Amino acid sequence: MRPFRPLALSLALAALVPMTLDAQSTPQATIANSDGTLLSVSADGSSKRVPDVATISTGVVTRAADANAAMRDNANQMTKVMAAIKAAGVAERDIQTSGVNLNPNYNYTPNKPPKITGYEARNTVSVKVRDIAKLGKVMDSLVAAGANDLNGPSFEVDKPDEAYDEARRGALEKAQARAEMYAKALGLRVRRIVSIDESGSSFPRPIPMMAMKAMAAAAPAADTEVSPGEANLSAHLNVVFELGR
């Protein structure tokens, strides 16, 4: 019976592991042909789109001498604001309460404990507007209905998959071109792609944001102007290539 030879087996396996070149990132361990060289390349791609959805935060802030009065006044005023949101054509699924708060107001006097002077109630909702052309008019109508807290908008692309795929294709083309450059410089050729890792896609939010506190002001004669600008959606790829003769 022939004896087991672990050393020889280890050497045989080691001979299969190729030399690795690293371009901008370190690849995961991958076994290629014994005469192959692995090259890891990182590349970014991007795609521009005009946002078609806007999100604003709006609500009512009320103050009163006692907590119950502050909450009651807030509820009455918020009912009118909610009615205005729905009258603007915003669907129920695009309206979400983001906070209801009640806090005491204090008067601070040196060498004396703080004294409660009244209460502040705040009710805030997040509203998604899918017709950006009407966004300015929607915000003005909310203020006219009693909203005295208004922040936003932030913009997004409603269906970004196509744009992200475009960004991925751009990143992959850059990675392939870079791999071809390295291969040519080394007197080799690109045999195949060993692996592709997408480390993350990004959408910059918020796009330049307008913020305002509407303190019980009447709606202006002209609608508030809002511009969504352009969004840059990006993708980052780590691609491992096998190079050889």
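Residues numbered from 1 in each chain as written. Predicted model: local features only at pLDDT ≥ 70, side-chain atom pairs only at ≥ 80, totals over all residues. Heavy atoms only, no water.

A. Structural detail: the nonpolar core. Ranked by size, the top nonpolar core spans 21 residues in total, and within it Ile56, Val81, Ile85, Val127, Leu135 and Leu142 carry the most contacts. By residue number, the principal contributor to this core is helix H3 (residues 135–145), which donates five residues. By size, the runner-up hydrophobic cluster in this structure holds twelve residues, among which are Ala175, Ala179, Ala183 and Leu243. (Core = buried A, V, L, I, M, F, W, Y, C linked by side-chain atoms within 4.5 Å. Buried < 20%, exposed > 50% of the residue type's maximum accessible area, 1.4 Å probe, protein only. Helix = DSSP H or I, 4+ residues; strand = E, 2+ residues; numbered from the N terminus.)

B. Representation of the packing of helix H2 (residues 67–87) against H3 within the structure. Their axes nearest at 8 Å, the elements H2 and H3 cross at an angle of 155°. In terms of orientation, H2 and H3 fall into the roughly antiparallel class. Between H2 and H3 the crossing geometry is right-handed. On H3, the residues that touch Gln77, Lys80, Val81, Ala84 and Ile85 of H2 are Ser141, Leu142 and Ala145. The residue makeup of the contact of H2 with H3, split by class, is five nonpolar, two polar and one charged. (Axes fitted to C-alpha atoms, helices over the stretch in contact; angles between N-to-C directions. Parallel < 35°, antiparallel > 145°, perpendicular 65-115°, else oblique. Left-handed = near helix turned anticlockwise from the far one by under 90°. Contact = heavy atoms within 4.5 Å. Nonpolar A, V, L, I, M, F, W, Y, C, P; charged D, E, K, R; others polar.)

C. How the structure looks around a nonpolar patch on the surface. A contiguous nonpolar surface patch, about 230 Å² in accessible area, is contributed by Met71, Val100 and Leu102. Topologically, Val100 is positioned in strand S4 (residues 95–107). (Patch = residues over 30% accessible without salt bridge, like charges linked within 9 Å, V, L, I, M, F, W, Y side chains within 5 Å. Areas by Shrake-Rupley, 256 points an atom, 1.4 Å probe, with all protein chains shown as cover. Salt bridge = Lys/Arg side-chain N within 4 Å of Asp/Glu carboxyl O.)

D. Fine view of the pattern of salt bridges. The full count for this structure, using the stated rule, is 13 salt bridges. A salt bridge links Arg49 to Glu166; the nearest nitrogen and oxygen atoms lie 3.2 Å apart. Of the two residues, Arg49 is situated in strand S2 (residues 37–49) and Glu166 in helix H4 (residues 161–185); the sequence distance between them amounts to 117 residues. Assessed through its relative accessible area of 22%, Arg49 is described here as partly exposed. When salt bridges with common partners are traced through the structure, they connect Arg63, Glu120, Arg122 and Asp149 into a single cluster.

E. Structural view of unusual backbone geometry. In this chain, Gly152 is followed by Pro153 through a cis amide linkage whose omega measures 5°. Inspection of the secondary structure puts Pro153 in strand S6 (residues 149–156). Here Asn111, not a glycine, exhibits a phi torsion of approximately 65°, which is positive. Here Asn111 is to be found in the loop between S4 and strand S5 (115–129).

F. Structural detail: H2. Between its first and last C-alpha, H2 extends 30 Å over 21 residues, near the 30 Å set by a 1.5 Å rise per residue. Within H2 the residues assigned to the buried category are Ala69, Ala70, Asn74, Met78, Val81, Ala84 and Ile85. Looking straight down H2, one finds its buried side chains confined to an arc of 150°; they lie on one side. The exposed residues of H2 that point more than 90 degrees off its buried face are Asn68, Thr79, Lys80 and Ala87. Buried residues along H2 sit against strand S3 (53–64), S4, S5 and H3. (Expected span 1.5 Å × (residues − 1). Arc of directions from axis to C-beta.)

G. Structural view of the packing of aromatic side chains. Counted according to the given criterion, the structure contains one aromatic pair. Ring centres of Tyr106 and Tyr108 lie 6.0 Å apart, and the angle between their planes is 40°; this geometry places the pair in the tilted category. Owing to a relative accessible area of 39%, Tyr106 belongs among the partly exposed residues under this scheme. On the basis of relative accessible area, Tyr108 is assigned to the exposed category, the value being 62%. (Phe/Tyr/Trp six-rings, centres within 6.5 Å; stacked < 30°, edge-to-face > 60°.)

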